[in-house]
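Here is how the chains run, residue by residue.
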Amino acid sequence: MVEPKLPGAVERYVNLGDCYDHEGLKKVRGELEQAMKGYKGCYARAYRCLRAAAEITADRTALIQTPELEEKIAKRAKGILSRECRRGGEGEGKVRQRFLSAVTHQGFLVEFGTVERQCRRVYELADIYGLGHLLLTHLLAGALAAGWDVIACPSPLFPDRLEHLMLPQLSLAFVTTGGAAVWPHRPYRRLRMDAMADRELLQRNKARLSFSRKVSAVLLDEAVSSLAQAKAMHDDLERLYNPYVDFSRVRTTAEWAVRELLGNEPEHHLGEASTADRQE
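The rules behind each value
Residues numbered from 1 in each chain as written. Predicted model: local features only at pLDDT ≥ 70, side-chain atom pairs only at ≥ 80, totals over all residues. Heavy atoms only, no water. Helix = DSSP H or I, 4+ residues; strand = E, 2+ residues; numbered from the N terminus. Buried < 20%, exposed > 50% of the residue type's maximum accessible area, 1.4 Å probe, protein only. Pairing = 2+ DSSP bridges. Axes fitted to C-alpha atoms, helices over the stretch in contact; angles between N-to-C directions. Contact = heavy atoms within 4.5 Å. Lys, Arg positive; Asp, Glu negative; His and termini not counted. Salt bridge = Lys/Arg side-chain N within 4 Å of Asp/Glu carboxyl O. Polar contact = N/O pair within 3.5 Å; in protein donor to acceptor, adjacent residues only side chain to side chain.

*Asks:* Which residues make up the environment of Arg-189, and what values do they have?
*Replies:* Along the chain, Arg-189 falls in strand β8 (residues 189-192). Classification of Arg-189 as partly exposed rests on a relative accessible area of 36%. For the pair Arg-189 and Phe-211, spaced 22 residues apart in the sequence, the C-alpha separation amounts to 30 Å.

Laid out in structure tokens, this is it:
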């Protein structure tokens, strides 16, 4: 619920709870309590698994991120920018943030179709150690400085880290792949981010890195399973509630809210059913 700053004078409350058949819901209270407790518990377990997976992934990245690697990635970004992002319009470009991927009850999903519709040239960053963000940060800054607008796509596990970039004006995109994220076509260019890391460092920590990848993958699978259980229980909640909701009253309230937002005079007071609704 959003609390109004000046209730009555500017905003007003919209109570959809009036649309419930309260007496009817009392008959299924026990089932509601069980379903409500169950699906919230599943969400909590999913969030714990995702947080743990994120921590393990961050540890894996930190293990191989060295000043030498950062310098190498910066140099690679500079070469890409000089080739692909020469000076565009006047001033700096603008950046918009959009999530392109998500962890859902159906698994880890990436809307690569959105990339295909806006960009013909796609750089694929094959990344199993979480190094793509370092390259994308340089590319984002360079593209903006050159005057190009950029769509920056954060990671769902690390909202402060970049996962993909799109530059629709140049029909150019940079997408990170690895694990469940697979680019479905032949890319314009393919960069193996792990190949930039120090080979001796990778070899020395091979067992730890492998274990880390396996554990984070299991945690993601568990999170997906928990989200699937939560959705199933939420569906049960909707099944229990639906017979006891006056949807004609919900529609009447929604129509009233639309008129209020558009500045039109409401035809009747909030909560009152229209003549047509009363005749349904």
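*Asks:* Could you give an account of the pairing of strand β5 (residues 150-154), with specific residues and numbers?
*Replies:* Of all 5 residues in β5, 5 are buried; the element is thus mostly enclosed. Of the two faces of β5, the one carrying Val-150, Ala-152 and Pro-154 and the one carrying Ile-151 and Cys-153 are both buried. Across 4 bridges, β5 lies against strand β6 (residues 162-167) in antiparallel orientation. Each residue of the ladder has a partner; that of Ile-151, found in β6, is Met-166.

*Asks:* So, the sheet that holds β8: which residues are in play, and what are the values?
*Replies:* With respect to topology, 6 strands assemble into an open sheet ordered β1-β5-β6-β7-β4-β8, the strand pairing being mixed. At either margin of the open sheet sits one strand with a lone partner, and together these are β1 (95-97) and β8. The average angle at which neighbouring strand axes cross in this sheet is 20 degrees, direction not considered. The pairing of strand β4 (residues 121-126) with strand β7 (residues 172-177) spans 6 bridges and is parallel. The partner of Tyr-123 across the bridge, within β7, is Phe-174. Of the strands in this sheet, β4, β7 and β8 touch helix α3 (residues 67-84), which is tilted by about 175 degrees from β4. Across the face of the sheet, helix α5 (residues 132-145) comes into contact with β1, β4, β5, β6, β7 and β8 while running at roughly 30 degrees to β6.

*Asks:* Please give an account of the side chain of Glu-163 that cites residues and values.
*Replies:* Tracing the sequence through the fold places Glu-163 in strand β6. Within the buried set, Glu-163 has no salt-bridge partner at all; the shortest N-O distance to an opposite charge, 8.9 Å, is to Arg-161. Only 2.3 Å separates the side chain of Glu-163 from the side chain of Ser-101, close enough to count as a polar contact. Those residues in contact with Glu-163 that sit more than four places away from it in its chain are Ser-101, Phe-108, Leu-136, Cys-153, Pro-154, Ser-155, Pro-156, Phe-174, Val-175 and Thr-176.

So far we have only geometry, and geometry alone does not tell us how the molecule works.
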